[in-house]
Amino acid sequence: MTESLLEIAQGVVRAAGAGEEIEAYVARSRETEIKVFGGDVESLAVSEVSGVGVRVVAQHRQGYAWAGSLEPDVVAQTVAEARDNAAFGAPDEAFGVATELDGAGAAPELDLWRAALLEAPTTEKVALALELLVAALASGRRA
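For every chain, the first residue of the written sequence is number 1, and numbering continues from 1 along that sequence. Owing to the predicted nature of the model, reporting of local features is limited to residues with pLDDT of at least 70; listing and counting of side-chain atom pairs is limited to 80 or more, with chain, interface and lining totals taken over all residues. Side-chain metrics rest on all non-hydrogen atoms present in the structure, leaving aside hydrogens and water.

Peer 1: Looking at this structure, I do not really get the packing of aromatic side chains. What am I missing?
Peer 2: The way to describe two aromatic rings as a pair is by their centre distance and the angle between their planes. Pairing of aromatic rings covers Phe, Tyr and Trp, the last counted by its six-membered ring, and requires centre-to-centre distances within 6.5 Å; plane angles under 30 degrees mean stacked, over 60 mean edge-to-face, and any other angle means tilted. What the rule picks out here adds up to one aromatic pair. Ring centres 6.3 Å apart and planes at 35° place the aromatic pair tyrosine 25 and tryptophan 66 in the tilted group. In this pair, tyrosine 25 sits in strand E1 (residues 20-37) while tryptophan 66 sits in strand E3 (residues 61-67), placing the two residues 41 residues apart along the sequence. Only DSSP runs of H or I covering at least 4 residues are called helices, and only runs of E covering at least 2 are called strands; the numbering of each starts at the N terminus.

Here it is as C-alpha cells:
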C-alpha cells in the first residue's frame, strides 16, 4: 500500500456529505516483542495491525465504525457503516467534531519516528535484546 496514513484520513474526511462532519483515525503499526532468559531467547512475537476508525456526525446524531484494513473499498465501507450507525443514534445538540484546540495552543512538534527501527530485521532486534540482557546483568541489576 503506497498511500500514506494522512492521505487515507484526508480521503475519509473528504467523503463527508452535506450536513455531515467526519472524523478519521488511521493506524498502521508493527511490534516486535522479545523475551530473553538465561542468555537465550525465550519467546519472540511479531505483530502487525492496520485499520481505520470513522466517526460521522449528522443531524446531531453520531455513528462509529472500525475496520482492520486500509484497503480503499474497506475504508469506503467503513465510512458507509459509520454513516448508517449515525442514522440510528439518539440526537444530542452537543455532538460535533472539534475544529480547534480549545485554547490549548498549537500542538507540539515531536520527532518520534525512526524508520531505521522499522526496517531493522528481526534477527538484528534479537541480537540487540541479547546485548541488552548482557549489559543489564553486567550492571548488577536484575533483568
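Next comes the rest of the write-up.
Peer 1: Help me understand the pattern of salt bridges, please; the structure alone is not making it clear to me.
Peer 2: Pairs can form between side chains of opposite charge once their charged atoms are near each other. A pairing counts as a salt bridge when a side-chain nitrogen of Lys or Arg comes within 4 Å of a carboxyl oxygen of Asp or Glu. Counted according to the given criterion, the structure contains four salt bridges. Salt-bridge contacts for glutamate 20 lead to arginine 83; the nearest nitrogen and oxygen are separated by 2.7 Å. Of this pair, glutamate 20 sits in strand E1 while arginine 83 is found in helix H2 (residues 72-88), placing the two residues 63 residues apart along the sequence. Residue glutamate 20 is classed as buried on the basis of its relative accessible area, which comes to 16%. Across the pair arginine 30 and glutamate 48 runs a salt bridge whose closest N-O atoms are separated by 3.7 Å. Of this pair, arginine 30 sits in strand E1 while glutamate 48 is found in strand E2 (residues 40-58), placing the two residues 18 residues apart along the sequence. Burial classification: accessible surface area is computed with a 1.4 Å probe over protein chains only, and a residue below 20% of its type maximum counts as buried, one above 50% as exposed, and the rest as partly exposed.

Peer 1: Quick question: what am I supposed to make of helix H1 (residues 5-14) here?
Peer 2: Along an α-helix, residues three or four positions apart point the same way, because every turn accommodates 3.6 residues. Among the residues of H1, Ile8, Ala9 and Val12 are the ones counted as buried. Around the axis of H1, the buried residues are gathered within 95° of arc, so they sit on the same side. H1 presents Leu6 and Arg14 as exposed residues on the side facing more than 90 degrees away from its buried surface. Along its buried surface, H1 packs onto E1, E2 and H2. What the arc describes is the spread of directions from the helix axis to the C-beta atoms. Note on definitions: a residue-residue contact is assigned when non-hydrogen atoms from the two residues lie within 4.5 Å.

Peer 1: For this particular structure, what's the right way to read the layout of surface pockets?
Peer 2: By rolling a water-sized probe across the atoms, one finds the places where empty space is left. Lining residues are those with an atom within 4 Å of a point, where the points come from a 1 Å grid over the protein atoms alone and group into cavities, where a 1.4 Å probe fits but cannot get out, or pockets, open sets with protein on both sides within 12 Å along at least five of seven lines. Grid points are joined across faces, edges and corners, and a volume is the space filled by probe spheres set on the points. Roughly 410 Å³ of internal volume is contained in the largest pocket. Secondary structure elements with two or more residues in the lining of the largest pocket: E1, helix H3 (115-119) and helix H4 (122-138). Of the residues assigned to the lining of the largest pocket, the class counts are nine nonpolar, two polar and six charged. Here the nonpolar group is Ala, Val, Leu, Ile, Met, Phe, Trp, Tyr, Cys and Pro; Asp, Glu, Lys and Arg are the charged ones; every other residue, Gly included, is treated as polar.

Such coordinate-based values are descriptive only and should not be taken to indicate function.
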